[in-house]
Amino acid sequence: MPALSEVIAVLDALWPRERAEQWDAVGTVVGDLHHDPDVGRVLFAVDPVQQIADEAVALGADLLVTHHPLYLRGTTTVAADTFKGRVVHTLIRSGTALHVAHTNADTADPGVSDALAGALGLRVVAPLVPDASDPAGRRGLGRVCEPEEPLSFAELTRLAAERLPATAQGIRAAGDRQQIVRTVAVSGGSGDSLFDAARAAGVDAFLTSDLRHHPVSEAREHSPLCLLDAAHFATEWPWCEQAAAQLDAVAAERGWDLRTHVSHTVTDPWTAHAASPVAGAAPSSVASAARSTDRPTPGAPN
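A short tour of the structure in this document, coming up. If you're wondering where the values come from, they're calculated on a predicted model, not measured in any experiment.

1. Overview of the packing of helix α5 (residues 112-119) against helix α9 (residues 232-254)
Remark: α5 packs on α9, axes separated minimally by 7 Å, with the N-to-C direction vectors making an angle of 95 degrees. Judged by the inter-axis angle, α5 sits roughly perpendicular to α9. Note on element contacts: α9 touches α5 through T235, E236, P238, W239 and Q242, opposite V112, D114, A115, L116 and A119. For the contact of α5 with α9, the residue count by class is six nonpolar, two polar and two charged.

As structure tokens, this is what we get:
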């Protein structure tokens, strides 16, 4: 079995910490590198929440690798009566280390958006926002892709719903359902800051998550770019499978007795969704109120 420090060195080579955004909190969060225990099992997941920590313990994982940081902002306590502190205590008691690869995994080659494109069966053409420090032009944020053959926006929407992890939100779509899509931009995680890049790339559709009302409204006024909004968790979960495969390849090359696992626990915070009976229709109570205000008041002048 490899030592924890050896596995961490591989993770840092795959997703160098120095390539993370300055505001990010990546790297090893929990783990005793001084005593350097052996690592036989590694669990990959999106969120370092209690449910995932418990899953890692039940699995007997020596290392948990998550995409999202546990402590993105400063803290003054890891007390177990706080939910993040409880995660730390759970992992330490079981001897499970925690390592985070966040924005350094977003822009990697391959990165989070490559995994998202792969889940949809899209061929990656180039980064949506290239990393200027990469002379090969392969690293960067988001990806510009092509489907195997042109398809309608409605078909692309159904494809995303079928291929990505099922969540309460599902897939929201904005655009002409009949529009033919020949090029698609994808970006795992929050992507409404990338509308300008998607328009500049000349793509027909853009799939990302956490899209907000005003940016979407403005984007639709600017161009016929079709938009797909998936759950944040759903757009980033495919990276877990890709990352596990990358570590598997290194372990096989080095002859390590190491097993990787991918959590299938859905940690998207939204748990339910009620669809409107008719999309775009006003609620019956609102419509009734509107009709009542249209009626002249008895005895009032017309």
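2. Notes on unusual backbone geometry
Going from D109 to P110, the amide bond is cis rather than trans, its omega being 0 degrees. Along the chain, the position of P110 falls in the loop between α4 (103-106) and α5. You will see that D36, though not glycine, has its phi angle at about 50 degrees, which is positive. Within the secondary structure, D36 sits in the loop between β1 (27-30) and β2 (41-45). Residue D36 is classed as partly exposed on the basis of its relative accessible area of 23%.

3. Here's the deal with the sheet that holds strand β3 (residues 63-66)
Strands sit in the order β1-β4-β3-β2-β13 across an open sheet of five strands; the sheet is mixed. Strand pairing shows two members of the sheet lacking a second neighbour, β1 and β13 (259-262), which therefore form its edges. Recorded for the sheet is a direction-independent mean angle of 25 degrees between the axes of neighbouring strands. Direction of pairing for β2 relative to β13: parallel, over a ladder of four bridges. Looking across to β13, one finds that V42 is bridged to T260. Each of β2, β3 and β13 touches helix α2 (residues 50-59); the most contacted strand, β2, lies at about 160 degrees to it.

4. Remarks on the sheet that holds strand β10 (residues 184-190)
Sheets are built from strands that pair by backbone hydrogen bonding, the pairs being arranged parallel or antiparallel. With respect to topology, six strands assemble into an open sheet ordered β5-β6-β10-β11-β12-β8, the strand pairing being mixed. This sheet does not close on itself; its edge strands, each paired only once, are β5 (123-130) and β8 (171-174). On average, each strand axis in the sheet is inclined to that of its neighbour by 25 degrees, with strand direction left out of account. Taken together, the three bridges between strand β6 (residues 140-146) and β10 define a ladder with antiparallel strand orientation. Bridged to C145 within β10 is V184. The strands that helix α6 (residues 153-163) touches are β8, β10, β11 (205-209) and β12 (226-230); relative to β8, the one it contacts most, it runs at about 165 degrees. Sheet strands in contact with α9 are β10, β11 and β12, and its direction is about 100 degrees off that of β10.

Cut-off values and rules
- Residues numbered from 1 in each chain as written.
- Predicted model: local features only at pLDDT ≥ 70, side-chain atom pairs only at ≥ 80, totals over all residues.
- Heavy atoms only, no water.
- Axes fitted to C-alpha atoms, helices over the stretch in contact; angles between N-to-C directions.
- Helix = DSSP H or I, 4+ residues; strand = E, 2+ residues; numbered from the N terminus.
- Parallel < 35°, antiparallel > 145°, perpendicular 65-115°, else oblique.
- Contact = heavy atoms within 4.5 Å.
- Nonpolar A, V, L, I, M, F, W, Y, C, P; charged D, E, K, R; others polar.
- Buried < 20%, exposed > 50% of the residue type's maximum accessible area, 1.4 Å probe, protein only.
- Pairing = 2+ DSSP bridges.

Remember, this is a structural readout, not a statement about activity or role.
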